[in-house]
Amino acid sequence: MSTERAAGPGEAVRRGPPRARLWAVAMFAVAAAEVAAAVAGSLLSGRSYAEVLDSFVPLNATMGFAFAACGLLVAWHRPGNAIGWLLLADGLGHATTAGTASLVLYGGAGWPMPLVRVLATVGAYAWPWSIGLFLPLILQLFPDGRPAGPVLRWLAWATVATAPLFVLEMGAGPQALITGLTGYLTLPGYHGLEPLWLVTDLRVAAVALIGLVALVIRYRRGDEVLRRQLLWPLQAALLVVLVLVVWGVFEAGPVYQLLAVPLIPAAVVVAILRHQLLDIRLVFSRTVLYTLLTGAVMLAYVSLVAVLDTVVRQRAGPGNSITATVLIAIGFNPLRVRLQRGVDRILYGDRADPVRAVSRVGERLGAGLPGVLEAVREALRMPYAALRTTAPEGHAPQDGHGTVAVSGTAPQSLQSLHAIPLVYGDERVGELVVGLRRGESRLAAADRAILELLATPLSVAVRALALSRQLQHSREALVMAREEERRRLRRDLHDGLGPVLTGVTFKADAASNLIAADPEAARGLVAELRAETAGAINDIRRLVYDLRPPALDDLGLVGAIRQRAAHLQRDGVAIHVAAPAALPALPAAVEAAAFRIVTEAMTNAVRHARAGSIHVRLDAGTELRLRVSDDGVSPREWRPGVGLSSMRERAAELGGSCTAGPGAGGGEVVAILPLGAS
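To keep things clear, this report deals only with the structure shown in the data block. Computed from a predicted model, the values in this text were never measured in an experiment.

**A word on the overall build of the protein**
A count of helices and strands for the protein gives 18 helices and 9 strands. Within the span of the protein, comprising 678 residues, buried residues form 40% of the whole. The long-range share in the protein, meaning contacts at least 24 apart out of those at least 6 apart in sequence, stands at 70%. Of the accessible surface of the protein, which amounts to about 35,600 Å², a share of 63% is contributed by carbon and sulfur atoms.

Below, the structure is given as structure tokens:
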């Protein structure tokens, strides 16, 4: 059995080695020659059409050519797949029966009887292998030529081991393909083996059922591509079963109904080589639906007629049939709706049940975005889903934004992708991208409705992810800023104050040594010591100011702001500070952040906006609100720079916010800092 899997979409066609392809061509050529001989023998035999039809020559010839042609296509492109060779063998079985039967028709009267009986024997024993062995194995091993598990592997071997019993039942019986002519290898006590033939008949039903069960198992375990492949033979097998039940069980309809059997090899070829041909789900859905409906209506009709005939026996007649028909008509549409819903749920998921779909997605929110996307795909049976975030204003797309979660395999064509916008409030935070099912050219209205409904919880999840990332970036920025500040302090102390204080020590020692010997030199060194010490003191004050402005401790927040405003005032620039008479006790971090933000805003207004008047307003309640406005020149859009970024970061560190941009008469900066328990 083959180990080569069926090629997926876009996969390069695997060309077999020349010898394998020659074998495939040779087998097809033999089958085609036998079919040609069947056609020629039937035409030259002089027999009536009814006699030719009774010998099943047209049916076997058609099946032989169909199976062999389909087998050639699969074996040519997938030589490592056993399905192609099984199709060729199946075609040879039917073609051999058709060819030998037509030769018997042609030469039955004039050829030697032993030769005719040999041909009849070959024809009787050839076709059962196709029905009893090759076709069941095709269904059991589809699509890659391997069993779907250990149990099915043993069942496949059991199918092979028990196939001779079916062949013996069909070939060794007294019935003959040609009326009045039996071949060799018949069993004299054939009718005495009825229990054995009953077991054989049950075996035929069992191996066919095993094939259908294998397809269903693969469908449940498979991915999107495999499921799409499996629906093709399932569709064909369903149609063939319906035909065989009508013809074999009820013995209704012409024998031509058996020409439905070649639908199976045709479906197998399409599934292996071109499974994306059309939306097989829709075809399969409608077939299953109307098959169930037909069976349910027939069963209901027969049951109602029987019940009414029993209950109203004295009025038995056409009235019972009319009453049954009316009752069935009333219940038909509700039954159709329920069946359609069940079939669509298998093929299209929960798109007809929005509440169920949203519930399934909601249950997976705790599993992270990949789990949510997996739930979306399961709910709608879609091959691909992805979440993309939108970069916020002022951030480049590469700063951690873009595709954040993916589930499934993306289709090769961009036309098979569809995006649903994710909106949180008035802000577009991202989009949900889904891949269309194979065979679909656009997103169905029912799918769109479900996806738009799912967009709400997904928007919340994406927004939460964005906030989490922003928080993480803020933490990282805070840690980096702290470490940079420590590095700067270390550098200033090591490279600035350290050498200065070391020099002061050396000069103090030198001055003490020169006091007695050279007082003038000693006084010069003391003067240098004074200057260097003053410089060191200024450096210490600068370091202290960078850590926390001393004016905050000496004057308070309002006083420190007014002091800084007085230093910034120039000719023609007036700065007005308005604040409550007494601010509540503020945390040190809030005071420092507020002072830095107001100072930066005033400095920008003086240096860049050429403002003539600046107004600073402070209000305090549960939060400290700062507003700095000016009448300077303000562009329509402010480009974020170091100053604006630092103000926003200081506010964000405390859980507040800071906005900056053009105001009514110039520029405006508004910051809100929460005070918390303080």
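**Side note on the side chain of Asp90**
Following the sequence through the fold, Asp90 ends up in helix 4 (residues 82–107). Here Asp90 is buried and forms no salt bridge, its nearest opposite-charge partner Arg203 lying at an N-O distance of 11 Å. Apart from the residues within four sequence positions on either side, Asp90 is in contact with Phe67, Ser130, Phe134 and Leu135.

**Some thoughts on unusual backbone geometry**
In this structure, Pro143 follows Phe142 across a cis peptide bond, with omega equal to 5°. Following the sequence through the fold, Pro143 ends up in the loop between helix 5 (113–141) and helix 6 (150–171). Within the chain, Leu185 stands out as a residue other than glycine whose phi angle is a positive 60°. Along the chain, Leu185 falls in the loop between helix 6 and helix 7 (194–221). The exposure class assigned to Leu185 is exposed, which follows from its relative accessible area of 58%.

**Comments concerning the packing of helix 3 (residues 57–77) against helix 4**
Close contact between helix 3 and helix 4 brings their axes to 7 Å; oriented N to C, the two are set at 155°. It follows that helix 3 is roughly antiparallel to helix 4 by the angle criterion. In this structure, helix 3 crosses over helix 4, and the sense of that crossing is left-handed. Class assignment of the residues belonging to the contact of helix 3 with helix 4 gives a composition of 17 nonpolar, 8 polar and 1 charged.

**Details of helix 6**
With 22 residues, helix 6 should cover 32 Å at 1.5 Å per step; its first-to-last C-alpha distance of 32 Å lies within 8% of that length. At Thr162, helix 6 is bent by approximately 35°, the largest bend along its length, and proline Pro164 sits one to four residues beyond. Of all the positions in helix 6, only Leu152, Ala156, Thr159, Ala163, Phe166, Val167, Glu169 and Gly171 are classed as buried. Structurally, helix 6 contributes buried residues whose contacts are with helix 5 and helix 7.

**Side note on the packing of aromatic side chains**
Counted under the stated rule, the structure contains 4 aromatic pairs. The cationic tip of Arg21 hangs over the ring face of Trp76; the distance from NZ or CZ to the ring centre is 3.7 Å.

**Details of a nonpolar patch on the surface**
A cluster of nonpolar residues, Val39, Leu43, Leu44, Tyr106, Trp111 and Leu115, forms a patch on the protein surface that exposes about 620 Å² of accessible area. Here the nonpolar patch gets 3 residues from one element, more than from any other, and that element is helix 1 (residues 18–44). Relative to the helices and strands, Tyr106 is located in helix 4.

**Overview of the pairing of strand 7 (residues 623–630)**
Looking along a regular strand, one sees side chains alternate from face to face of the sheet. Direction of pairing for strand 6 (residues 613–620) relative to strand 7: antiparallel, over a ladder of 7 bridges. Opposite Asp619, over in strand 7, you have Arg625 as the bridge partner. Connecting the antiparallel pair strand 6 and strand 7 is a turn made up of 2 residues.

Each value, and the rule that gives it
- Residues numbered from 1 in each chain as written.
- Predicted model: local features only at pLDDT ≥ 70, side-chain atom pairs only at ≥ 80, totals over all residues.
- Heavy atoms only, no water.
- Helix = DSSP H or I, 4+ residues; strand = E, 2+ residues; numbered from the N terminus.
- Buried < 20%, exposed > 50% of the residue type's maximum accessible area, 1.4 Å probe, protein only.
- Contact = heavy atoms within 4.5 Å.
- Areas by Shrake-Rupley, 256 points an atom, 1.4 Å probe, with all protein chains shown as cover.
- Lys, Arg positive; Asp, Glu negative; His and termini not counted.
- Salt bridge = Lys/Arg side-chain N within 4 Å of Asp/Glu carboxyl O.
- Axes fitted to C-alpha atoms, helices over the stretch in contact; angles between N-to-C directions.
- Parallel < 35°, antiparallel > 145°, perpendicular 65-115°, else oblique.
- Left-handed = near helix turned anticlockwise from the far one by under 90°.
- Nonpolar A, V, L, I, M, F, W, Y, C, P; charged D, E, K, R; others polar.
- Expected span 1.5 Å × (residues − 1).
- Bend = angle between axes of the 7 residues up to and from the residue.
- Phe/Tyr/Trp six-rings, centres within 6.5 Å; stacked < 30°, edge-to-face > 60°.
- Lys NZ or Arg CZ within 6 Å of the ring centre and 35° of its normal.
- Patch = residues over 30% accessible without salt bridge, like charges linked within 9 Å, V, L, I, M, F, W, Y side chains within 5 Å.
- Pairing = 2+ DSSP bridges.

Worth remembering: the numbers are spatial, not functional.
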